[in-house]
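Tertiary structure, described
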Amino acid sequence: MPSAAQWAEKGHVRRIVPWDEPVMHQPTRPVTQFGPALEILAADMFATMAAADGVGLAGPQVGVDLAIFVYCAPDENNRYHSGVMCNPTVELPLDKDRNLDAAQEGCLSWPGAYELLARPDKAVCRGVDETGQPVEVQGTGILARCLQHETDHLSGTVFGDRLSNRSRRKLNEERERLRHLYPDDWPITPRGAGDPS
């Protein structure tokens, strides 16, 4: 399987869609066609994620309403895992096995803004890869958070939807404060490019 860097080399950077566009709040369609077009999309998503210095990126974030995300994120032992996940489901621990990890979370579609969000510290994500073959990823650490965050995107949920009203206001204020750093076509045009301040 190609590494994240090998995927990114084959792709082209696309514009990342912000939260205030409709595609970010609508459930995605299942991936049913596997082949060259899907591989081009995945490569573009890896290239875009790398350009934006992210750990995950979902279809809606590049304006595509398909249930696909790509990831390159570290587990609790700082080992990086990467791949393509289509039509995912996430299984989270229950009862005594459930431990919440409160950490700063951000989103490439609301760049520059971070807020504390508690999520389960483990997650198992199952779906199929870009060829339609079944895959299962067992996530801990940042990888567990990434799997939950990206799967949320595919149901039309952004992490701000999981915050209290007060935390959501703080997040949005931070986003507004830094908005001038992110061009309308970011990350095609890099962060801060042309910023007069």
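This text follows the structure it describes.
In this report, the structure presented in the accompanying data block is examined. Sequence order as written defines residue numbering, which begins from 1 separately in each chain. In keeping with the model being predicted, local features are shown solely for residues with a pLDDT of at least 70 and side-chain atom pairs are shown and tallied solely at 80 or more, while totals for entire chains, interfaces and linings include all residues. Side-chain numbers here rest on the full set of heavy atoms in the structure, without hydrogens or water.

**Describing empty space enclosed by the protein**
Formally: Method remark: on a 1 Å grid restricted to protein atoms, a set of points is classed as a cavity if a 1.4 Å probe fits but cannot get out and as a pocket if it is open with protein on both sides within 12 Å along at least five of seven lines; lining residues have an atom within 4 Å of a point. Grid points are joined across faces, edges and corners, and a volume is the space filled by probe spheres set on the points. The numbering of helices and of strands both runs from the N terminus, where a helix is a DSSP run of H or I of at least 4 residues and a strand a run of E of at least 2. Nonpolar residues are Ala, Val, Leu, Ile, Met, Phe, Trp, Tyr, Cys and Pro. Charged residues are Asp, Glu, Lys and Arg, and all others, Gly as well, are polar.
The tally for this structure, following the rule as stated, stands at 1 cavity of 30 Å³ or more. Its boundaries defined by the atoms lining it, the largest cavity holds a volume of some 30 Å³. If you go around the largest cavity, the residues you meet are Asp101, Arg119, Pro120, Asp121, Gly141, Ala144, Arg145 and Gln148. Looking at the lining of the largest cavity, the elements with two or more residues in it are strand 5 (114-120) and helix 3 (141-154). Here the lining of the largest cavity takes 4 residues from helix 3, the largest share from any one element. Grouping the amino acids of the lining of the largest cavity by side-chain chemistry returns 2 nonpolar, 2 polar and 4 charged.

**Focus on the layout of surface pockets**
If you add up the space inside the largest pocket, you get close to 540 Å³. Considering the residues around the largest pocket, the lining is formed by 28 residues, among which Gly54, Val55, Gly106, Cys107 and Tyr114 are closest to the centre. The greatest single-element share of the lining of the largest pocket, amounting to 6 residues, is contributed by helix 3. Residues of the lining of the largest pocket, tallied by class, amount to 14 nonpolar, 8 polar and 6 charged. One number sums up the size of the second largest pocket: a volume of about 180 Å³.

**Considering the environment of Asn165**
To keep it simple, the criterion reads: Accessibility here uses a 1.4 Å probe with only protein chains present; expressed as a share of the type maximum, an area under 20% marks a residue as buried, one over 50% as exposed, and anything in between as partly exposed.
By the secondary structure assignment, Asn165 is in helix 4 (residues 165-178). For Asn165, a relative accessible area of 63% translates into the label exposed. When the C-alpha atoms of Asn165 and Ala5 are compared, they prove to be 38 Å apart, with 160 residues separating the residues in sequence.

**Things to note about the packing of aromatic side chains**
Both the distance between ring centres and the angle between the ring planes are used here to describe each pair of aromatic rings. What counts is decided by this rule: To pair, rings of Phe, Tyr and Trp, with the six-membered ring standing in for Trp, must have centres within 6.5 Å; the planes then decide the type, stacked if under 30 degrees apart, edge-to-face if over 60, and tilted in the middle.
Going through the model one piece at a time under the given rule, you end up with 5 aromatic pairs. Ring centres of Trp7 and Phe46 lie 5.6 Å apart, and the angle between their planes is 15°; on these two criteria the pair is classed as stacked. With a gap of 39 residues between them, Trp7 in helix 1 (residues 4-10) and Phe46 in helix 2 (residues 36-51) connect regions that are remote in the sequence. Given the relative accessible area of 1%, Trp7 is considered buried. Residue Phe46 is classed as buried on the basis of its relative accessible area, which comes to 1%. Taken together, a centroid distance of 5.5 Å and an interplanar angle of 75° make the contact between Trp19 and Phe159 edge-to-face. Placement of Trp19 in the loop between helix 1 and helix 2 and of Phe159 in the loop between helix 3 and helix 4 is noted, with a sequence separation of 140 residues between them. No difference in accessibility class separates Trp19 from Phe159, as the two residues are buried.

**A word on helix 2**
The condition that has to hold: Each helix should span, by expectation, one fewer than its residue count multiplied by 1.5 Å. Residues count as neighbours in contact if any of their non-hydrogen atoms are within 4.5 Å of one another.
Across its 16 residues, helix 2 extends 22 Å between first and last C-alpha, which sits within 8% of the 22 Å expected from 1.5 Å per residue. Leu38, Leu41, Ala42, Ala43, Asp44, Met45, Phe46, Ala47, Thr48 and Met49 are the residues of helix 2 that are buried. The inward-facing, buried residues of helix 2 abut helix 1, strand 1 (56-58), strand 2 (68-74) and strand 3 (80-91). Directly after helix 2, the chain includes Asp53, whose backbone phi takes a positive value near 60°.

**Describing the pattern of salt bridges**
Heads up, the rule is: For this document, the term salt bridge refers to a Lys or Arg side-chain nitrogen within 4 Å of an Asp or Glu carboxyl oxygen.
Summed over all chains, the structure comprises 17 salt bridges. Among the ionic pairs, Glu136 bridges to Arg126, the shortest N-O distance being 2.9 Å. You can see Glu136 sitting in strand 7 (residues 134-140) and its partner Arg126 sitting in strand 6 (residues 122-128), a full 10 residues away along the chain. The partner of Asp152 in a salt bridge is Arg162, and the shortest N-O contact between them spans 2.7 Å.

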